[in-house]
Amino acid sequence: VQNMGLWHSWAHHGHFSKPDRAQTLAGINAAYAQGVNHLQGTNRLLLTLGTAEVFSLKDSGDIVANNHKMPAAMFQTKRLDVGEVTDVLAMALEKLLLKKPALQIILSVSPVRHLRNGMVENQRSKAVLVLACEAISRQFPTACYFPAYELLLDDLRDYRFYTSDMLHPSALAVDYIWQHFSDMFFTVETKRLTGAIEKILAAAAHRPFNPDTAEHRAFVEKQLAAIGALKQEWAGLDFEKEEVAFKG
């Protein structure tokens, strides 16, 4: 569809929208091909559900991913029920598992609040998603549920674990949930690798007051050596940005 000088797709985000129709379609197809290629080479699929509240076109009933600044009168809102969410996820997962029967699926519900319709509606929406995840986990043996939503709401139970907008988890909450995720899914070897990567990322973010000192040069050489060792052990790791940061 066309609006305000741009071509849009109801199924796609606004960053795909371009003044030229062919450009919009080319970007959509390129992203689709990239997604297909990635799925072919992975053995894990992480799905995080955000809200059961959807917008649909009044004329067709089709659910849209973005309203693209079209008039509000064109749309109606509804909350999907557990069966609707389960059915659409199951249909997609069945197709994937036919081609990749060993694919491991990790489901979670986002703890980020959707408060457009108020706190009560947000909780009802999240409840739909939690129950849908349970249904999918029972239906597919390779699927499991990671309780990101419950960790924030039940374990942490405090508004200080949200950012100032009171919608998103704070950095402390993210670290807490990440630790539980790594404990649940990572091997000892993976934990060792992520720990080494995190140290390099933290070092690359450090900005020295005196970069010309012998101490800083030694620090840089140590970090570059650590990067070299990791790249040799784990082919495919990309530290280009960090190497640029260290070399100045």
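Look above for the structure.
Notes on the structure follow. Per chain, residue numbering runs from 1 following the sequence as it is written. Local features are withheld for residues below a pLDDT of 70 in this predicted model, meaning they are given only at 70 or higher, and side-chain atom pairs are given and counted only at 80 or more; totals for whole chains, interfaces and linings count all residues. Note that water and hydrogens are dropped before the side-chain values are worked out from all heavy atoms of the structure.

**Focus: the overall build of the protein chain**
Right, on to step 1. The secondary structure content of the protein chain amounts to 8 helices and 8 strands.
Right, on to step 2. The C-alpha atoms of the protein chain give 22 Å as radius of gyration, which overshoots the globular expectation for 248 residues (18 Å, by more than 25%).
Right, on to step 3. Overall size of the protein chain, expressed as C-alpha extent along the three principal axes, is 70 × 45 × 45 Å.
Right, on to step 4. Throughout this description, buried means an accessible area under 20% of the type-specific maximum (1.4 Å probe, protein chains only), exposed means over 50%, and partly exposed covers the range between. Evaluated residue by residue, the protein chain yields a buried proportion of 31% over its 248 residues. A helix here means a DSSP run of H or I that spans at least four residues, while a strand means a run of E at least two residues long, and both kinds are numbered starting from the N terminus. We take the radius of gyration over the C-alpha atoms and set the globule estimate at 2.2 Å times the residue count to the 0.38 power.

**Structural notes on helix α4 (residues 148–156)**
Right, on to step 1. Among all positions in α4, only A148, Y149, L151, L152 and L156 are buried.
Right, on to step 2. When checking whether two residues touch, look at their non-hydrogen atoms; a contact exists if any pair is within 4.5 Å. In this structure, the buried residues of α4 make contact with β7 (104–109), α3 (119–139), β8 (143–145) and α5 (171–185).

**A closer look at the pattern of salt bridges**
Right, on to step 1. Just to be clear on terms, a salt bridge is a Lys or Arg side-chain nitrogen sitting within 4 Å of an Asp or Glu carboxyl oxygen. By the definition in use, this model includes 9 salt bridges.
Right, on to step 2. Measuring nitrogen to oxygen at the nearest pair gives 3.0 Å for the salt bridge that ties E84 to K78.
Right, on to step 3. A relative accessible area of 32% means that E84 is categorised as partly exposed.
Right, on to step 4. Salt-bridge contacts for R160 lead to D158; the nearest nitrogen and oxygen are separated by 3.4 Å.
Right, on to step 5. For R160, a relative accessible area of 60% translates into the label exposed.
Right, on to step 6. One network of salt bridges, in which partners are shared, links E53, R79, E121 and R124.

**Quick word on the state of the cysteines**
Right, on to step 1. To count as a disulfide, a pair of cysteine sulfur atoms needs to be within 2.5 Å. A full pass over the atoms with the stated rule returns 0 disulfides.
Right, on to step 2. This cysteine, C133, is not joined by any disulfide, and C144 carries the nearest cysteine sulfur, 10 Å off.

**As for the sheet that holds β8**
Right, on to step 1. Read from one edge of the open sheet, 3 strands run β3-β7-β8, paired in parallel fashion. Across the chains shown, the open sheet's two edge strands, defined by having one partner strand only, are β3 (44–49) and β8. Averaged over all adjacent pairs, the angle separating strand axes in this sheet is 20°, with direction ignored.
Right, on to step 2. By the bridge criterion, 3 bridges tie β7 to β8 in an arrangement that is parallel. Considered in β8, the bridge of L107 is made with Y145.
Right, on to step 3. Every axis in this analysis is a line fitted to C-alpha atoms, fitted for helices over the stretch in contact. Angles between the N-to-C directions lie between 0 and 180 degrees. Lying over the sheet, helix α2 (residues 82–99) contacts β3 and β7, oriented at roughly 170° with respect to β3. Two strands are counted as paired when DSSP detects at least two bridges linking them.

**Notes on the nonpolar core**
Right, on to step 1. Take the buried Ala, Val, Leu, Ile, Met, Phe, Trp, Tyr and Cys residues and link them wherever side-chain atoms come within 4.5 Å; each set so joined is a nonpolar core. Counting residues in hydrophobic clusters, the biggest one holds 22 residues, and the most contacted among them are V85, I105, I136 and F140.
Right, on to step 2. Breaking this core down by element, the ones donating at least two residues are β3, α2, β7 and α3.
Right, on to step 3. With 11 residues, the next largest nonpolar core counts A148, L152, A173 and F181 among its residues.

**Comments concerning unusual backbone geometry**
Right, on to step 1. Phi is positive for H68, close to 50°, though the residue is something other than glycine.
Right, on to step 2. Relative to the helices and strands, H68 resides in the loop between β5 (63–64) and β6 (75–79).
Right, on to step 3. In this structure H68 comes out as buried when scored by relative accessible area, which is 6%.
Right, on to step 4. Positive phi, normally seen in glycine, also occurs at K69, with a value near 60°.
Right, on to step 5. Residue placement: K69 occurs in the loop between β5 and β6.

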